[in-house]
Amino acid sequence: MPAYWVARARINDPVEYKKYTDRVPAILAKYGAKVLARGGRYRVLEGPEKFNRFVVIEFPTLEQGVACFNSQEYKDAAAFAEGTMSGKTSW
């Protein structure tokens, strides 16, 4: 059964954040992921508007998604995002 990685973020430093986003597609591909939604237009219909970027990624299984998130290569890429954004990731 597929699993979905849902992330919400507010980008504070787009130049530094790009160092993260440049690395992530190859990492996701290694784990069989498919990006369903990334950035783009959005509209908050209810609740506070805390985030300005939304991402939904499909993995073939929950185990593959968790393995990707916990992989050293993803952690290395995510280090570039630290301090450049605030956000949450959910499964």
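Residues numbered from 1 in each chain as written. Predicted model: local features only at pLDDT ≥ 70, side-chain atom pairs only at ≥ 80, totals over all residues. Heavy atoms only, no water.

Observations concerning the overall build of the protein
Here's step 1: On a plain count of helices and strands, the protein comes out with 4 helices and 4 strands.
Here's step 2: Along its sequence from the N terminus, the protein presents helices and strands in the succession β-α-α-β-β-α-α-β.
Here's step 3: Each principal axis of the C-alpha atoms in the protein carries an extent, and together these give about 30 × 30 × 15 Å.
Here's step 4: Evaluated residue by residue, the protein yields a buried proportion of 27% over its 91 residues.
Here's step 5: Across the protein, contacts joining residues at least 24 apart in sequence account for 80% of those joining residues at least 6 apart.
Here's step 6: Roughly 6100 Å² of accessible area belongs to the protein as shown, and the carbon and sulfur atoms make up 54% of that amount.
Here's step 7: Here the protein carries 14 positive and 10 negative side-chain charges, and the mean point of each set is 4 Å from the other. (Helix = DSSP H or I, 4+ residues; strand = E, 2+ residues; numbered from the N terminus. Buried < 20%, exposed > 50% of the residue type's maximum accessible area, 1.4 Å probe, protein only. Contact = heavy atoms within 4.5 Å. Areas by Shrake-Rupley, 256 points an atom, 1.4 Å probe, with all protein chains shown as cover. Lys, Arg positive; Asp, Glu negative; His and termini not counted. Charge placed at Lys NZ, Arg CZ, Asp CG, Glu CD.)

What about the packing of helix H1 (residues 14–21) against helix H4 (residues 72–81)?
Here's step 1: Interaxial distance between H1 and H4 falls to 7 Å at its minimum, and their mutual angle equals 170°. On the basis of their axis angle, the class for H1 and H4 is roughly antiparallel. On the side of H1, the interface is formed by Glu16, Tyr17, Lys19 and Tyr20, while H4 contributes Tyr74, Ala77, Ala78, Phe80 and Ala81.
Here's step 2: Its residues placed into classes, the contact of H1 with H4 shows 7 nonpolar, no polar and 2 charged. (Axes fitted to C-alpha atoms, helices over the stretch in contact; angles between N-to-C directions. Parallel < 35°, antiparallel > 145°, perpendicular 65-115°, else oblique. Nonpolar A, V, L, I, M, F, W, Y, C, P; charged D, E, K, R; others polar.)

Quick notes on the environment of glutamate 49
Here's step 1: Among the structural elements, glutamate 49 can be located in the loop between strand E2 (34–38) and strand E3 (53–59).
Here's step 2: Ignoring any residue separated from it by four or fewer positions in sequence, one finds glutamate 49 in contact with Arg10, Tyr42 and Val44.

Some remarks on the confidence of the model for the protein
Here's step 1: This prediction gives the protein a mean pLDDT of 87; 91% of its residues lie at or above 70.
Here's step 2: By mean pLDDT, the top-scoring element of the protein is helix H2 (residues 24–30) (97), and the lowest-scoring one is strand E4 (residues 85–90) (56). (pLDDT = per-residue confidence, 0-100.)

Here we look at the side chain of serine 71
Here's step 1: Position of serine 71 among the secondary structure elements: in the loop between helix H3 (62–70) and H4.
Here's step 2: Contact partners of serine 71, with chain neighbours within four places excluded, come to Ile27 and Tyr31.

As for the packing of H3 against H4
Here's step 1: Running from amino to carboxyl end, H3 crosses H4 at an angle of 50°, the nearest separation of the two axes being 5 Å. Taken together, H3 and H4 sit at an angle that is classed as oblique. Judged by residue contacts, Cys68, Phe69 and Asn70 of H3 engage Gln72, Tyr74 and Lys75 from H4.

Quick word on the packing of aromatic side chains
Here's step 1: In the structure shown here, the tally under the stated rule is 7 aromatic pairs.
Here's step 2: When the ring of tryptophan 5 is compared with that of phenylalanine 69, the centres are 5.4 Å apart and the planes differ by 80°; the resulting orientation is edge-to-face. Taken together, the positions of tryptophan 5 in strand E1 (residues 3–11) and phenylalanine 69 in helix H3 put the pair 64 residues apart, joining distant regions of the chain.
Here's step 3: For tryptophan 5, a relative accessible area of 4% translates into the label buried.
Here's step 4: Residue phenylalanine 69 is classed as partly exposed on the basis of its relative accessible area, which comes to 33%.
Here's step 5: Cluster of aromatic residues (ring-pair linked, three or more members): Trp5, Tyr17, Tyr20, Phe59, Phe69 and Tyr74.
Here's step 6: Across from the ring centre of phenylalanine 80, 4.0 Å away, lies the NZ or CZ of arginine 23, which sits over that ring. (Phe/Tyr/Trp six-rings, centres within 6.5 Å; stacked < 30°, edge-to-face > 60°. Lys NZ or Arg CZ within 6 Å of the ring centre and 35° of its normal.)

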